[in-house]
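Each chain is listed here by its residues.
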Number of protein chains: 2
Amino acid sequence: MADQTPSGESLLFLTDEQVRKGIEAMFFAYRGFTADPDRILEGMDYGRAHHRAIHFIHRSPGTTVSNLLTILGVTKQSLNRVLRTLIEDGLVEARVGRRDKRERHLFLTAKGQELERELSDAQRARMRAAYRAAGPQAVAGFRQVLEAMMDPELRRQYQGLKESGA
Amino acid sequence: MADQTPSGESLLFLTDEQVRKGIEAMFFAYRGFTADPDRILEGMDYGRAHHRAIHFIHRSPGTTVSNLLTILGVTKQSLNRVLRTLIEDGLVEARVGRRDKRERHLFLTAKGQELERELSDAQRARMRAAYRAAGPQAVAGFRQVLEAMMDPELRRQYQGLKESGA
DNA sequence: TTGGAAAGTCAACAAGGCTGACGTAACTTC
DNA sequence: GAAGTTACGTCAGCCTTGTTGACTTTCCAA
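About the cut-offs
- Within each chain, residues carry numbers counting from 1 in the order of the written sequence.
- Starting at A for chains and at 1 for ligands, labels are handed out in the order in which the entities are written.
- Local features in a predicted model are, by the rule used here, given only for residues with pLDDT of at least 70; side-chain atom pairs are given and counted only at 80 or more, and totals for whole chains, interfaces and linings are based on all residues.
- Based on all heavy atoms of the structure, the side-chain values leave hydrogens and waters out of the count.
- When DSSP finds two or more bridges between two strands, those strands count as paired.
- Strands here mean DSSP runs of E at least two residues long; helices mean DSSP runs of H or I at least four residues long; both are numbered from the N terminus.
- Near residues are defined by distance, with any heavy atom within 4 Å of the molecule or strand qualifying the residue.
- As used in this structure description, the phrase polar contact means that two N or O atoms lie within 3.5 Å; if the pair is within protein, one of them must be able to donate a hydrogen and the other to accept it, and residues adjacent in sequence are counted only when both atoms belong to side chains.
- Polarity classes work like this: nonpolar for Ala, Val, Leu, Ile, Met, Phe, Trp, Tyr, Cys and Pro, charged for Asp, Glu, Lys and Arg, and polar for all others, with Gly in that last group.
- The superposition of copies rests on a least-squares fit of C-alpha positions from residues with pLDDT of 70 or more in both.
- When checking whether two residues touch, look at their non-hydrogen atoms; a contact exists if any pair is within 4.5 Å.

Digging into the sheet that holds strand E3 (residues 104-108) of chain A
All names here are of chain A. Reading across the sheet, the three strands line up as E1-E3-E2 and stay open at both edges, with antiparallel pairing between neighbours. The sheet is open, and its two edges are formed by strand E1 (63-64) and strand E2 (92-96), each paired on a single side. One ladder, built from two bridges, connects E1 with E3; its direction is antiparallel. Each bridged residue has a counterpart across the sheet, and for threonine 64 the counterpart in E3 is histidine 105.

Notes on the protein's contact with DNA strand D
In the vicinity of DNA strand D lie 24 residues, with Arg52, Thr75 and Arg81 of chain A together with Lys76 and Arg102 of chain B positioned nearest. Atoms of DNA strand D within 4 Å of the protein: sugar and phosphate make up 54%, bases the balance. For DNA strand D, a phosphate oxygen lies 2.8 Å from a polar atom in the backbone of arginine 48 of chain A. Taking arginine 102 of chain B, its side chain carries an N or O atom lying 2.7 Å from a base oxygen of DNA strand D. Mapped onto the surface near DNA strand D, the elements with two or more residues apiece are helix H2 (48-59) and helix H4 (76-88) of chain A together with helix H3 (65-72) and helix H4 (76-88) of chain B. Residue classes in the surface near DNA strand D are distributed as three nonpolar, 10 polar and 11 charged.

Details of the relation of the copies chain A and chain B
By a simple turn and slide, chain A fits onto chain B: the slide is 0.0 Å along the axis, the RMSD is 0.1 Å, and the turn is 180°. The operation mapping one copy onto its partner corresponds to a two-fold rotation axis. Closest approach to the rotation axis within chain A is made by the C-alpha atom of phenylalanine 142 of chain A, at a distance of 1.8 Å. Most of the interface of chain A is mirrored in chain B: 100% of its interface residues are interface residues there too.

Listed below in C-alpha cells is the structure:
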C-alpha cells in the first residue's frame with residue numbers, strides 16, 4: 001500500500017534517504033567552506049578559531065569580549081587565548097570602554113583588516129561561485145533551510161547580525 | 001551612479017553583504033547541525049569523530065579502512081584511534097577480506113546500528129523540521145548550493161554515495 | 001560598603017587532528 | 001622464489017582548540 005498523503009509527492013523530499021543526503025551534503029560542503037581559510041592560515045600561527053574571532057570583530061567593530069563569547073559559543077578562557085595572540089601580534093586592538101571601563105571594545109587594526117580581507121576574499125570567492133552556479137532561487141532556498149536548522153537563540157543572533165549589517 | 005548590470009537586480013544575491021550572510025548562515029547552521037548528536041555523545045566516551053565513522057560505515061557497509069580514510073579526510077592514525085574503540089566496544093566489526101586478506105571490511109553490529117539509529121534520528125529530526133519549514137523548492141536550492149560549494153573530489157565522493165544510496 | 005558583573009589569568013586536562021617511524025601480512029611483479 | 005608494494009595497525013610525540021576550576025582585579029550600582 002503506497003503511503004498516500006494529501007499533498008502527494010511534494011513530501012518526497014522528506015524521505016529518510018533525502019534527509020540523509022542533506023546531512024552528507026552539509027558534511028562535505030562544510031569541508032569546502034573552511035578549506036580556503038584553513039589553507040591560508042596554516043603556516044601562520046593561527047587557526048580556525050582566530051579566523052572566527054577576526055570575522056566577527058570585523059563584522060561588529062567595537063563589540064565587547066562577552067558579546068563575542070556569546071556569538072562564538074566558547075569559554076572565555078578559550079577565546080582569551082586566541083584574542084591574546086591577536087592583540088600581541090597587532091591584529092586586534094582592545095579599547096577600554098568609556099562608559100563601562102570593565103569592558104573591552106574590540107577593533108581590527110590595519111594589519112588585522114588586511115588579514116581579514118585575505119581570508120574572506122578566499123571564502124567569499126567560493127561562496128560567490130557556488131551562488132552563481134546555483135542561481136538566485138537556489139540561494140534563497142539555501143538560506144531558508146540553513147536558518148531553519150539553527151537553534152532558536154543562534155537564529156536570533158544571526159538575524160541580529162543581519163540587521164546591523166544591512 | 002547605480003551599478004546597472006544587464007540582468008538588473010537578479011545579481012543582488014552576489015553582493016558582498018549577501019555572500020557574507022551566507023557565510024554566517026553556514027557557521028550558525030553547522031552548529032545546530034552537530035548539536036543533537038553532540039549532546040547524545042557527551043557522557044559516552046565518544047565524540048564527533050566516532051559519529052562520522054559510524055555514519056559512513058552504516059551508509060556503506062563492508063567499506064574498507066582506506067575507503068573510509070578517503071571519505072573522512074583524516075590520517076589513518078587518527079581514524080584508527082576511533083575505530084579501535086568502536087571495535088573494542090562491540091559497535092563495529094572488522095572482517096578480513098575474502099579476496100584480499102589485507103583489507104578489513106567494516107560493518108556495524110546490532111549494537112552499533114542501535115547507536116547509529118539514535119544519532120541519526122536526532123539529526124534527521126532537525127533536518128526534517130528544517131525541510132518542512134522551508135519547503136521542497138528551498139530544499140532543492142539548499143542542495144544545489146551545497147554541492148557547488150564542495151571541492152571537486154569531495155563532490156565526486158558525495159555523488160558516489162548518492163548513487164549507491166538511491 | 002558590599003555584592004556582583006566583566007574581564008583576565010593560571011593550571012590541568014581531553015578530544016581529535018597531525019607527522020614520522022616501524023612492523024607485519026598479503027598481494028604483485030620480476 | 002625474491003623483491004617490492006599495499007593495507008593496516010601501532011608507538012611516540014606534537015599542536016590546536018575546546019573544557020573545568022580557582023582566583024584576582026576592576027568597576028558599577030544598590
